[in-house]
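Inside the fold
So you can see what is in the structure, the chains are spelled out below.
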Amino acid sequence: MAYNITVANLIAGAIEVWEAPTGESLPDFDNIAPPGIVTPAPSGNWVETGSTMEEFNLVYTPTYTKIAINEVAAAPAQVLVEEELEFSYTLAEDDLTNWKGSINAATFGTTAAGADQTAQDELIVGSGTPSVRALLLLGTNAEGGSRIVHIFRAQQTGPSDWARSREHQGRAVTWSGLADVSKAAGQNLFKCYDITAAAAS
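Residues numbered from 1 in each chain as written. Predicted model: local features only at pLDDT ≥ 70, side-chain atom pairs only at ≥ 80, totals over all residues. Heavy atoms only, no water.

**Some words on the packing of aromatic side chains**
What counts, and what does not: Any two rings among Phe, Tyr and Trp, with Trp reduced to its six-membered ring, count as a pair given centres within 6.5 Å; such a pair is stacked if its planes are under 30 degrees apart, edge-to-face if over 60, and tilted if neither. Note on criteria: charge over ring means Lys NZ or Arg CZ within 6 Å of the ring centre, with the direction from the centre no more than 35 degrees off the ring normal.
Per the counting criterion, the structure on display carries zero aromatic pairs. The aromatic ring of Phe-152 is capped on one face by Lys-183, whose charged end is 4.6 Å from the ring centroid.

**A few points about the environment of Gln-156**
What counts here: A run of H or I in DSSP becomes a helix once it reaches four residues, and a run of E becomes a strand once it reaches two; helices and strands are each numbered from the N terminus. Exposure is judged per residue with a 1.4 Å probe applied to protein chains only, and the accessible area is read against the type maximum: over 50% gives exposed, under 20% gives buried, and values in between give partly exposed.
You can see Gln-156 is positioned in strand β8 (residues 146-156). Looking at Gln-156, the relative accessible area reads 12%, which means it is buried.

**A few points about the pattern of salt bridges**
We apply this condition: Any carboxyl oxygen of Asp or Glu that lies within 4 Å of a side-chain nitrogen of Lys or Arg is treated as forming a salt bridge with it.
Overall, the coordinates contain one salt bridge when judged by the stated rule. The salt bridge involving Arg-133 is made with Glu-19; its shortest N-O contact spans 2.9 Å. Of this pair, Arg-133 sits in strand β7 (residues 133-141) while Glu-19 sits in strand β1 (residues 11-21), placing them 114 residues apart in sequence. Accessibility expressed as a relative area gives 7% for Arg-133, which makes it buried.

**What about the nonpolar core?**
Definition in use: The nonpolar core is taken to be a set of buried Ala, Val, Leu, Ile, Met, Phe, Trp, Tyr and Cys residues, with the residues joined through side-chain atoms within 4.5 Å.
Counting residues in hydrophobic clusters, the biggest one holds 15 residues, and the most contacted among them are Phe-56, Phe-87, Tyr-89, Leu-137, Ile-151 and Trp-175. Among the secondary structure elements, those contributing two or more residues to this core are β1, β4 (77-91), β7, β8 and β10 (169-178). For this core, the element with the most residues is β4, which contributes four residues. Within the second largest apolar cluster, eight residues are counted, among which are Trp-18, Trp-46, Leu-136 and Leu-138.

Here's what the structure looks like:
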């Protein structure tokens, strides 16, 4: 079976990744005019964790249970019993603060320079407390307009790979989406926005 892909519906190229505590208010998208990425940058408690080397991969997987009735071979209906949301990308920056954003239970700190003491950034990993965060993925679609993906609650679940060579460097990150039970059924995993036109004056 052939599928027709609408190019305008794809995020093109690299994206910016932002995180915040769950429940953080979204930035104001009303004064954004396409084309172009979201400006100004998100404020409040939103913190940029880096930019991706390429596009990101978001996979939504529903699981259904078939309903069976006597004397009918084919199932007359299916019931949605589970939803999974997984998304992954590779951060381009080689920086400890960006790496912290890709490890769920990491701690980041700094040591100031002093007598016989170098200034240091420090990333500490091991037996930390996993956190749940809100994420914003900011990019452009193929027609140049802004696309925003808001994941309400996410937890880093896959391996955080660090690859660095003369040809390539980056940090692979995998997240799982969790349901925000404060939202209505059918609307509690993530939400996408396309900025299609400027606000009316």
